[in-house]
Protein chains: 2
Amino acid sequence: VTAPLDAILAAVDGDRLWRRLEALARFGATPGGGVTRLALSAEEIAARRFLIDLARARGLAAFSDAAGNLFLRLEGARPDRPCVLTGSHVDSQPRGGRFDGAFGVMAGLEVLEAFLDAGATPPVAIEVVAWMNEEASRFAPGMMGSKAFVGEWDLPAMRSVADGAGVTVGEALDALDAAEPDVPKRPLRRPVACFVEAHIEQGPLLERCATPVGVVTGIQGTRRYRVTVSGAAGHAGTVPPGDRRDAMMAAARMIARIDAAAARVDGMMATCGMLRLELGAPSVIPAEAFFSIDIRHPQDAAVEEMDRAIEQAAAAAAGPCEIRIDRIARAPTLEFPEAMRRRIAEAAARAGEPATDIFSAAGHDARHLNAWCPTGMIFIPCRDGISHAETEWCDPADVLSGARVLAATLASAAWDPPGGSAP
Amino acid sequence: VTAPLDAILAAVDGDRLWRRLEALARFGATPGGGVTRLALSAEEIAARRFLIDLARARGLAAFSDAAGNLFLRLEGARPDRPCVLTGSHVDSQPRGGRFDGAFGVMAGLEVLEAFLDAGATPPVAIEVVAWMNEEASRFAPGMMGSKAFVGEWDLPAMRSVADGAGVTVGEALDALDAAEPDVPKRPLRRPVACFVEAHIEQGPLLERCATPVGVVTGIQGTRRYRVTVSGAAGHAGTVPPGDRRDAMMAAARMIARIDAAAARVDGMMATCGMLRLELGAPSVIPAEAFFSIDIRHPQDAAVEEMDRAIEQAAAAAAGPCEIRIDRIARAPTLEFPEAMRRRIAEAAARAGEPATDIFSAAGHDARHLNAWCPTGMIFIPCRDGISHAETEWCDPADVLSGARVLAATLASAAWDPPGGSAP
C-alpha cells in the first residue's frame, strides 16, 4: 500500500495555513508586528488553547506530558505502533518574530488537516508537537521540553530552574496544568518512529539562492555561558582609582577581549545578548555584572578553542574583581542521518518543490530528538535572513512550499516508517 | 549682641539626633540596612511628612517651592532679612546608605531644636532645606531642586525630564503637591544670607586621619554622559560575522577603551554605573546599548582631556554601529569662598572639635548654591569611606561632632551674616 500522496498534496491549503499563522500571531502580538510569547506565559497558554480547539474541531486528540509539551494526534490504522512526529514550538523571544517555531507547528497541523481532507488514514499515527521552552528567553537554558522528552534532562532538576522573577519551571508547569485540566497526560520517553521539524531558516542563504526549501544537513555547534563578575559597590566620585573593584569595567574588558578573539577566527559568532548590573545606577560603581555569552561555529574544534579564549579573557580582564564562568549549555555540531535527509529530498522532488541542502546555524529541538529517533529538518527562507526580531517575515508561497514538502515527508514516513526510537 | 553659643552647644543632643536618623532610615528601609528612597517616590514623600510633623511639633514653619524643595524655618528677630540656610537631601540611591543627605537635613533640624531648647532667637531666620532629587538615580541629571532654586535650570525644562518608567518630573511634582496640600509655597530664587551643607565625606580621608570634622575646600570637577550605541537586532547564531551590527560589542569596546584611557591619568575616575541592552536576551544580537559614563578628577584640564578620550573611544569602537554621546551634566572644579571656610574652621575651634581641610570628591547641592550666596560645607567621616551602598555607616560621636560644628557655624552666620544672595 502506498500513500495517496497526490490527494494529500492537493489538500494542503496555503491560504488556510497563512490565516492560521496570522491568528496564532495575535497571542502576544507586539505593536511592531512581532510577538512576545514567553514559555509558559499567559500568552503561550492562550496560544496552546487555540491549538487544542483547532485540533479538536477536526477530531484530533490533544494531550500533553509532564514537561509541558503539547501533542495533537491524527490516529493511524495501527494505534499501537510508534507515531511519526512533527512540530516545533510556539514560545518566542521577547519581541520576536511570528514565524520562528510557529511555522513548524502550524505546518504540521495543516498536514494533519490535509490528510483528513484527503480521507487518508495513515498506517501509523502522526502527531504534531509544540515543545516547551525552546527559546530560553524566560527559563535558561532552552529546549527544555525536547530534552525532558528524550530523557536528556531530569524532570526535577528542570523544574527547579527559575526565571528572572524567581518563578520556577515547576511552578509554571503546575499553572499550565491548572489551565489545561481537560488535556490528558501521556508519558515522557514514548517510542517515536521519526521526527521531522519544519522551521524558518533564520539566515539569508535560501533567500540568496532563491530556493523555497532547505534540506537541513546538520546543526552548528554552540556553547552558552553565564559570567558573573564580582567587585565592590562604591560612590563613583570618591573611591580612589587604586581602591576600586569595578565589576562593569572588568566585564567590558572581558567582553571586548572575547570580541577580539572571535574576530580572529573565520566564521566565529560570539554574542553578549544580556548584561545586568548590580545596582545599575549612574553614580554607583557596579558591585556585580552578570552577562551571557553565546558562541557558535560550524566546527567543534573552533568552539573549543573559543572556550579557552573566554577563560583567558576572564583572567586578563579580572583585575581586582573575581570572575566566575558557568557553562550552561553545550552542543557539538550535529549531522542528521543520511536516510532522513534523502527522504526529505525525495519528498521535495515528489512535491515538485526546488530544494537544496543547508546547514543550520541556529539550534533546534530536532537536535535533542535526533538522539531518540531518526530526525530531519525542513527549512523555508525568511526575509533578509532576519529572525528573533519583530521584522521577521516569510513569503506565503514559501510557507506553502514548506508545508507541501512536510506533507510528502510525513506521508513517506507514515507509510514506510524508519527504524524508530531507541528502546 | 553675640550668640549664646555655649547654651546652644549644650543643647545639641546627640542621642536625639541619632534616634531621628534611625527613624528617617525606616522610610524606604532595605533588608540590607540601607534605604531605597528615590526622588519624589512614595517613600520620600512619607519621609518629608515625617520631617514636616517633627518641625511643626516644635513650632517651626514648613513650606516648599515649585521645584519640590522642602524648607523648615526657625523664625528670626528680623523676618524680612535673608535667612541663613542649611540642609541637604533625603532622596537616596537605590539600596543606598542611611546617612548620605539624611545627616545634613537631620543635623540642621537638630540645630534648630537646640536653638529652641536654649531659648536663643537668632537675629535672622534659619531654614533647613531638603533639596529635590540630588541623587539622579530616578531622574537625571540630579541636584534638580538646588539648580531650580538658584535659577540655573529652567523649571519647564526640568519638569519635562522623565524617569525610566516614563513618568516626568512635572507629573511627580504634581503628585507631591497633591500629597502636601497643607504645605504653603514660597518662590524660587529667594534671597539667602549663606548656605552651609553638612554631609558625610563618602571617602576614606577623615577616617584615616582620625578627625571628626572636615572643612570642605571645594568640589571635584565632573562630567556625566549618556551613550547610545545603535546596531541591528538578529539571531545570535545565524547572522554571519560580516553582517553583524552588535551594539553590545561596540559598547564593550568603547567602555574598555575609556577604562584604559582613565588608567593612564593619575587620579582619574571613570564609571559606567548603568547599562541597558535592547532587547537583552541571550540569543539575540543587541540592537541598542544605552549606558552612563561618569568622569571625575580634581583638575578641570584632566576632565577635558578625558572628554576627548571618550570621543576617540567611540570613534575607534563603533565599527558598523553608530554611537551618540550626550553630555548631560558638566561641573568644573569649584573652590568655596575663603571667608566661609574660615567661619566653619573657627566654629569647629569654638566647639572644641578637631577639624581639617578636605576636598570633596563627590558633587553636592552646595555646588549650585555657591553661585547664589556664600556657601560652605562640613564633612564627617563614614566607615571605610563607603557610600552609595547599604553598608554606609557613621559613628554616633562623629554625627554629634558634625552637628555641634554646624550649630556653631549657623550661630555665627545668623548673628554676623555674610554678604548674602546675588540680586
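The paragraphs below set out a description of the structure included in this document. These figures come from a predicted structure and were not determined experimentally.

### Points about the overall build of chain A
Logical step 1: Secondary structure assignment for chain A yields 13 helices and 16 strands.
Logical step 2: For 423 residues, the compact-globule estimate of 2.2 N^0.38 gives 22 Å, and chain A sits close to it at 23 Å.
Logical step 3: Here the C-alpha coordinates of chain A stretch approximately 80 × 45 × 45 Å along the principal axes.
Logical step 4: Within chain A, counting contacts between residues at least 6 apart in sequence, those at least 24 apart form 80% of the total.
Logical step 5: Accessible surface computed for chain A: about 14400 Å², of which carbon and sulfur atoms make up 52%.
Logical step 6: Placing the 43 positive and 55 negative side-chain charges of chain A at their respective mean positions leaves the two points 2 Å apart.

### Focus: the relation of the copies chain B and chain A
Logical step 1: Rotating chain B by 180 degrees about the axis while translating it 0.0 Å along that axis superimposes it on chain A, leaving an RMSD of 0.1 Å. Both copies are brought into coincidence by an operation consistent with a two-fold rotation axis. Proximity to the rotation axis, assessed at the C-alpha, singles out Ala 252 of chain B in chain B; its C-alpha lies 2.3 Å from the axis.
Logical step 2: In this assembly the copies share their binding face: 100% of the residues contributing to the interface of chain B also contribute to that of chain A.

### Here's the deal with helix H4 (residues 102–117) of chain A
Residue and element names in this part refer to chain A.
Logical step 1: Taking 1.5 Å of rise per residue, the 16 residues of H4 would be expected to cover 22 Å, and the 22 Å separating its terminal C-alpha atoms lies within 8% of that figure.
Logical step 2: A large share of H4 lies buried, amounting to 14 of its 16 residues.
Logical step 3: At the exit of H4 stands Gly 119, carrying a positive phi of roughly 65 degrees.

### Digging into the layout of surface pockets
Logical step 1: In this structure, the largest pocket occupies an estimated 670 Å³ of space.
Logical step 2: Lining of the largest pocket is provided by 27 residues; of these, Ser 137, Arg 138, Gly 164, Met 274 and Arg 276 of chain A occupy positions nearest its centre.
Logical step 3: When residues of the lining of the largest pocket are traced back to their parent elements, those giving at least two are strand S10 (275–278) of chain A together with strand S10 (275–278) of chain B.
Logical step 4: Its residues assigned to classes, the lining of the largest pocket comprises 19 nonpolar, 3 polar and 5 charged.

### Digging into the interface of chain B and chain A
Logical step 1: Residue-level contacts link 56 residues of chain B with 57 residues of chain A.
Logical step 2: Summed over both partners, the interface of chain B with chain A buries about 4600 Å², with 60% contributed by carbon and sulfur atoms.
Logical step 3: The largest per-residue losses of area from chain B upon contact with chain A belong to His 235, Met 249 and Pro 282 of chain B, which jointly make up 14% of the total buried on that side.
Logical step 4: There are 6 salt bridges connecting chain B and chain A.
Logical step 5: For Arg 208 of chain B, the salt bridge is made with Asp 243 of chain A, and the minimal N-O distance between the two is 3.3 Å.
Logical step 6: Applying the counting criterion to the chain B and chain A interface returns 18 residue pairs in polar contact (both at pLDDT 80 or more).
Logical step 7: Mapped onto the side of chain B that touches chain A, the elements with two or more residues apiece are strand S8 (234–235), helix H9 (247–263), strand S9 (269–271), S10, strand S11 (284–285) and strand S12 (288–297) of chain B.
Logical step 8: At 7 residues, H9 of chain B tops the list of elements feeding residues into the side of chain B that touches chain A.

### Observations concerning empty space enclosed by the protein
Logical step 1: Applying the stated rule across the entire model yields 2 cavities of 30 Å³ or more.
Logical step 2: Of the voids in this model, the largest cavity is the one considered here, and its volume is about 40 Å³.
Logical step 3: Contributing to the lining of the largest cavity are Pro 282 and Ser 283 of chain A together with Glu 135, Ala 136, Arg 224 and Arg 226 of chain B.
Logical step 4: Residue composition of the lining of the largest cavity, by class: 2 nonpolar, 1 polar and 3 charged.
Logical step 5: In this structure, the second largest cavity occupies an estimated 30 Å³ of space.
Logical step 6: Lining the second largest cavity, in full, are Trp 18, Leu 21, Glu 22, Arg 98, Phe 99 and Trp 393 of chain A.
Logical step 7: Residues of the lining of the second largest cavity, tallied by class, amount to 4 nonpolar, no polar and 2 charged.

### Some remarks on the pairing of strand S7 (residues 221–230) of chain B
Residues and elements named next belong to chain B.
Logical step 1: Most of S7 is tucked away, with 9 of its 10 residues classed as buried.
Logical step 2: In the sheet, S7 pairs with S12 via 10 bridges, with the strands oriented antiparallel. When the bridges of S12 are listed, Arg 226 appears paired with Ser 292.
Logical step 3: Alignment of S7 against strand S13 (residues 322–331), held across 9 bridges, turns out to be antiparallel. Looking across to S13, one finds that Val 229 is bridged to Ile 323.

Calculation criteria
Residues numbered from 1 in each chain as written. Chains lettered and ligands numbered in written order. Predicted model: local features only at pLDDT ≥ 70, side-chain atom pairs only at ≥ 80, totals over all residues. Heavy atoms only, no water. Helix = DSSP H or I, 4+ residues; strand = E, 2+ residues; numbered from the N terminus. Rg over C-alpha atoms; globule rule 2.2 N^0.38 Å. Contact = heavy atoms within 4.5 Å. Areas by Shrake-Rupley, 256 points an atom, 1.4 Å probe, with all protein chains shown as cover. Lys, Arg positive; Asp, Glu negative; His and termini not counted. Charge placed at Lys NZ, Arg CZ, Asp CG, Glu CD. Least-squares fit on C-alpha atoms with pLDDT ≥ 70 in both. Expected span 1.5 Å × (residues − 1). Buried < 20%, exposed > 50% of the residue type's maximum accessible area, 1.4 Å probe, protein only. 1 Å grid on protein atoms, 1.4 Å probe; cavity = no way out; pocket = protein on both sides within 12 Å on 5 of 7 lines; lining within 4 Å. Points joined across faces, edges and corners; volume = space filled by probe spheres on them. Nonpolar A, V, L, I, M, F, W, Y, C, P; charged D, E, K, R; others polar. Buried area = accessible area lost by both parts, 1.4 Å probe. Salt bridge = Lys/Arg side-chain N within 4 Å of Asp/Glu carboxyl O. Polar contact = N/O pair within 3.5 Å; in protein donor to acceptor, adjacent residues only side chain to side chain. Pairing = 2+ DSSP bridges.

In short, shape yes, function no, at least from these values alone.
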